[in-house]
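# Secondary and tertiary structure notes
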Amino acid sequence: MSDANRLEQRLRRVLHHASTGLPGGDVATAQAVFTDRRHQRQARRRSVLTASAVLVVTVLLLGAVLLRPHGGARPTRLVSAGTPHTTSSAVPPTTPVSGPSIPVTSVPTPPTTILIHPGLLPPPTVPVTVSPLPTTTTTTPGTTTTTAPGNSLCANAAGPPGMCLPHYLLAVRPDTGPNNGGTQVTITGDKLGDATGVTFGSTPAASMHVVSDQQIMAVTPVHDVGQVRVTVTFSDGQPAGAASGCCIFTFTAWTPIVNTVQPNAGPTSGATAVTIYGVGFTGATGVTFGSTPATSFTVVSDSEIRAVSPAHSAGTVDVLVANAHGTSTATSHDQFTYA
Amino acid sequence: MGTLVGVMEVRAQVGTTAKPRSKDELIEALFRTQYPRLRSLAFVITGDQHRAEEVVMDAFLRTFDSWRRIRDIDAADRYLQRCVVNRARSLHRRRRAEATANLTAFQREETRTRASVTAQVWSTGDDGALLAAIRRLPARQMAAVVLRYYADLPEAEVASVLGCSVGTVKSQLARAHKRLAGLVEQSREES
C-alpha cells in the first residue's frame, strides 16, 4: 500500500472516529425548533413587507395629491363677477365631466362658470372583473379532466423537478453491489411510508421493508451485471420524483469466494463428500479439485456447496468454484489434501 | 443528468394532478432526512455539539431564505453542505482566535516553541493530533478533506459542493496530503 493510500485511510478513520464523539441528537426536537424559527422569520418578513408596502402606498398617494398638474390641492374656483356666490366643493357635480372646464348650465343665479378640478370628483366606478384562476382543461374523447392549477413552483416549467410529485427519492446507499444480490440498500427520501414495492431495473427486490416515512430498506435481487434504475411503487399509484443523480444501482460482477472446505482431506480414489463454505455460490457453474472437475456438486445455498471429490493423485490441491463471471481465487483456505 | 430527464418525463406523465409540494414541505422533508448527516459533518469540523447544531440550523434557515435561487432538491442539498462547511470552519477559527487572545505573551511564546509537541504525538499514533491538524488546514483544503474522506463524496460531488472544478479539488486534496504527510515525516525523524 502506498503512503498516500495509508494516509487516506488514516484520515478516514480519524474523521469517522471524531464523529463518534457526538452524542445522539433528537431530530424531532431540532425540527420543531427549525419550524418555529422559520415561522418567526416568515412573520418578520411579512411584517416588514407590509410596512414597506404601506409606506410606498402612502408616499405615492401623497405624491399624487401634491404633484397635481394644476400645482395644488386647492380647487380652482372661478366665479364670474356678480353676486357673491359660493359653491360648496362638497356638492358633487351632477353633470358628466369631460374636462377641467365645466360650463354649468342650470344655475339659479346669473351665468357662473365653475372650474372644478377633477381630483375632487368622486372616483369613477369602473366595473371590476375578477378573472377566475386559470384552469387547464384537457379533453380526450369520452373523458374530460380538469386539473387544478398547481402552486407557483409546480406551475413554473423551470421549477425544481419532482417538486410537484407526492413522493420523492433522495438517495440509494450503497449504490453498488454484487450481481448475486443480497446487498442491503437504504433508500432515503420523503413520503415513502406507503411504498409497496422496490424494483431494481425490472426485477423486484428480494425483500423490502419500510422503516419510516423517509427510509426504506431493500435487499437487492440476483441481477445481470450493469446499471439499473431503482424504482419504488406506492399504494396510491403515483410515481416518485428523484433528486438528480439519485437511484441508480450498479450490479458488479461477482466471483465466488471459498472460505472453508470440510473435510479438507480424502483418499486419492475420490468419492469424498465435501462441503464447501463461502460466498457467491448462487449460479455456480463448476467445482474443481486442482484441475479436475468434481464428480458431482449441488449448490445448497449462496454460501454452501456439497461436492463429491474426483480421483486425483496424492498432494494438496485448491478447491475452486466457478460461476459465469469467473473462478474463485486460490487461497490457503480452499485446500484439499489427497492422501 | 440522465435522472433529471427521467424526472421530467415522470412529471410530464403526471401533469399537475399530483399534490403540489410547497417550499415549506420540501425544506421540512430535507431537514428530516439531512439533519443527522449534516450535524455530524459540522461536529467533525467544530468538535462541539452545540456549535454543530447551531451551524446546521443556520444553514437550513439560509437555504430557506435563498430558496428562490436554488433550482432543485439536489442543489439545495449542495448549498446546505457548503453552508455547513464554511460556517463550521469560521466558527472553529473564531474560537481558536479567542483562545489565543486569552493567552499571555509568555504562554504564546511557549506554545510556539512547543510546536513539535504535536509532531511527537504523531509518532505515538495519536489521532487527536491528526484531527487538530486537519482542522488547522486552510479553508478549502479542510473542506475538501472532510467532504471527501468523511462525507465520502466522490471528487466530482465535492467540486459541485464547493463550487469549483474537479481539478481544484484534486489539487487541494494533494496539498492537504502533502501538509499532513509532512507532519508525519517530521515526527518520524524526530523520534
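Here the residue numbering is sequential within each chain, running from 1 through the sequence in written order. As a convention, the first chain written is A and the first ligand written is 1, with the rest following in written order. Per-residue local features of the predicted model are confined to residues with pLDDT of at least 70, and side-chain atom pairs are confined, for both listing and counting, to 80 or more; whole-chain, interface and lining totals are unaffected and use all residues. No hydrogens and no water enter the side-chain calculation; it runs on all heavy atoms of the structure.

### Let's talk about the overall build of chain A
- Put simply, DSSP marks the helices as runs of H or I at least four residues long and the strands as runs of E at least two long, and each gets a number from the N terminus on. In terms of helices and strands, chain A carries three helices and 24 strands.
- Each residue is placed in one exposure class: buried if its accessible area under a 1.4 Å probe, protein chains only, is under 20% of its type's maximum, exposed if it is over 50%, and partly exposed if it falls in between. Evaluated residue by residue, chain A yields a buried proportion of 32% over its 339 residues.
- Of all intrachain contacts in chain A linking residues separated by at least 6 positions in sequence, the fraction that spans at least 24 positions is 55%. The contact definition used throughout considers only heavy atoms, calling two residues in contact when any of these lie within 4.5 Å.

### Focus on the overall build of chain B
- Looking only at helices and strands, one finds ten helices and zero strands in chain B.
- Walking chain B from its N terminus toward its C terminus, one meets helices and strands in the order α-α-α-α-α-α-α-α-α-α.
- For chain B, with 191 residues in total, the buried portion stands at 47%.
- Residue pairs at least 24 apart in sequence account for 64% of intrachain contacts in chain B once pairs closer than 6 positions are excluded.
- With an accessible surface of roughly 9,300 Å², chain B has 51% of that area assigned to carbon and sulfur atoms. The method behind every accessible area is Shrake-Rupley, applied with a 1.4 Å probe, and residues are considered shielded solely by the protein chains displayed.

### Details of the sheet that holds strand S20 (residues 296–301) of chain A
Residues and elements named next belong to chain A.
- Should DSSP find at least two bridges between two strands, the strands are regarded as paired. Pairing in this open sheet of four strands is antiparallel, and the strands run S15-S17-S21-S20 from one edge to the other. Single-partner strands in this sheet number two, and they are strand S15 (257–262) and S20. The average undirected angle you get between the axes of adjacent strands in this sheet is 25°.
- Sheet topology note: the strand S17 (residues 273–279)/strand S21 (residues 304–308) ladder contains five bridges and is antiparallel. Considered in S21, the bridge of Tyr277 is made with Glu304. Helix axes are fitted only over the stretch in contact, all axes being lines through C-alpha atoms; the angle between N-to-C directions runs from 0 to 180 degrees.

### So, the nonpolar core
- Only buried Ala, Val, Leu, Ile, Met, Phe, Trp, Tyr and Cys residues count toward a nonpolar core, and they belong to the same one when joined by side-chain atoms within 4.5 Å. In terms of nonpolar packing, the biggest core is built from 87 residues, with A:Leu169, A:Ile187, A:Val198, A:Phe200, B:Phe60 and B:Ile134 touching the most fellow members.
- Looking at this core, the element that brings in the most residues is helix H2 (residues 23–46) of chain B, giving twelve residues.
- Setting aside residues no more than four positions away along its own chain, B:Phe60 makes contact with A:Phe34, B:Ile27, B:Leu30, B:Phe31, B:Gln34, B:Tyr35, B:Leu38 and B:Leu80.

### Some details on unusual backbone geometry
All names here are of chain A.
- Here the residue pair Arg173 and Pro174 is connected by a cis peptide bond, since its omega of -10° sits within 30 degrees of zero.
- On the secondary structure map, Pro174 appears in the loop between strand S5 (167–173) and strand S6 (176–178).
- Omega for the bond connecting Gln262 with Pro263 falls within 30 degrees of zero, at -10°, which places this linkage in the cis form.
- Along the chain, the position of Pro263 falls in the loop between S15 and strand S16 (265–266).
- Residue Lys191 is not a glycine yet carries a positive backbone phi of 55°.
- Relative to the assigned elements, Lys191 resides in the loop between strand S7 (184–190) and strand S8 (195–200).
- Overall, Lys191 belongs to the partly exposed group, its relative accessible area being 24%.

### Structural notes on the sheet that holds strand S12 (residues 226–234) of chain A
Residue and element names in this part refer to chain A.
- Here we have five strands laid out as an open sheet, ordered S6-S14-S12-S8-S9, and mixed in their pairing. The sheet is open, and its two borders are formed by S6 and strand S9 (203–204), each paired with just one other strand.
- Bridge count for S12 against strand S14 (residues 248–252) is four bridges, and the pairing is antiparallel. Across the sheet, Gly226 pairs through a bridge with Phe251, a residue of S14.

### Notes on the environment of A:Thr252
All names here are of chain A.
- Along the polypeptide, Thr252 turns up in strand S14.
- On the basis of relative accessible area, Thr252 is assigned to the partly exposed category, the value being 32%.
- Residues Thr252 and Gln227 lie 25 residues apart in sequence; the distance between their C-alpha atoms is 8.7 Å.
- Setting aside residues no more than four positions away along its own chain, Thr252 makes contact with Gly177, Pro178, Asn179 and Val225.

### Re a nonpolar patch on the surface
- A contiguous nonpolar patch, built from A:Leu62, A:Val65, A:Leu66 and A:Leu67 and spanning about 420 Å² of accessible area, is present on the exposed surface.
- For A:Val65, the location among the structural elements is in helix H2 (residues 27–66). A patch is a set of surface residues, each over 30% in relative accessible area and not in a salt bridge, joined within 9 Å for like charges and within 5 Å for the nonpolar side chains Val, Leu, Ile, Met, Phe, Trp and Tyr. One side-chain nitrogen of Lys or Arg within 4 Å of one carboxyl oxygen of Asp or Glu is enough to make a salt bridge.

### Some details on the packing of aromatic side chains
All names here are of chain A.
- Only centres within 6.5 Å qualify two rings of Phe, Tyr or Trp (six-membered ring in Trp) as a pair; their planes then separate them into stacked at under 30 degrees, edge-to-face at over 60, and tilted for everything else. A complete count under the given rule lists nine aromatic pairs over all chains for this structure.
- Plain terms: the ring middles of Phe336 and Tyr338 are 5.1 Å apart, the flat faces sit at 75° to each other, and that makes the pair edge-to-face.
- Using a relative accessible area of 0% as the deciding quantity, one classes Phe336 as buried.
- With relative accessibility at 2%, the residue Tyr338 sits in the buried group.

### So, the pattern of salt bridges
- With the rule as written, the count across this model stands at 14 salt bridges over all chains.
- The residue B:Asp152 makes a salt bridge to A:Arg12 at a minimum N-O spacing of 2.6 Å. Within this pair, whereas B:Asp152 is found in the loop between helix H8 (139–150) and helix H9 (155–162), its partner A:Arg12 is found in helix H1 (residues 3–19), the two belonging to separate chains.
- Judged by relative accessible area, B:Asp152 falls into the partly exposed class, the value being 45%.
- Among the residues examined, A:Arg12 registers a relative accessible area of 25% and is labelled partly exposed.
- Linking B:Asp58 and B:Arg62 is a salt bridge whose minimum nitrogen-to-oxygen distance equals 3.2 Å. Of this pair, B:Asp58 and B:Arg62 both sit in helix H3 (residues 49–65), four residues apart, roughly one helical turn.

### Regarding the environment of A:Asp302
All names here are of chain A.
- Checked against the element boundaries, Asp302 lands in the loop between S20 and S21.
- Sequence separation between Asp302 and Gly181 is 121 residues, and the spatial gap between their C-alpha atoms is 9.9 Å.
- Excluding residues that lie within four positions of it along the chain, Asp302 makes contacts with Asn180, Gly278, Val279, Gly280, Phe281 and Thr282.

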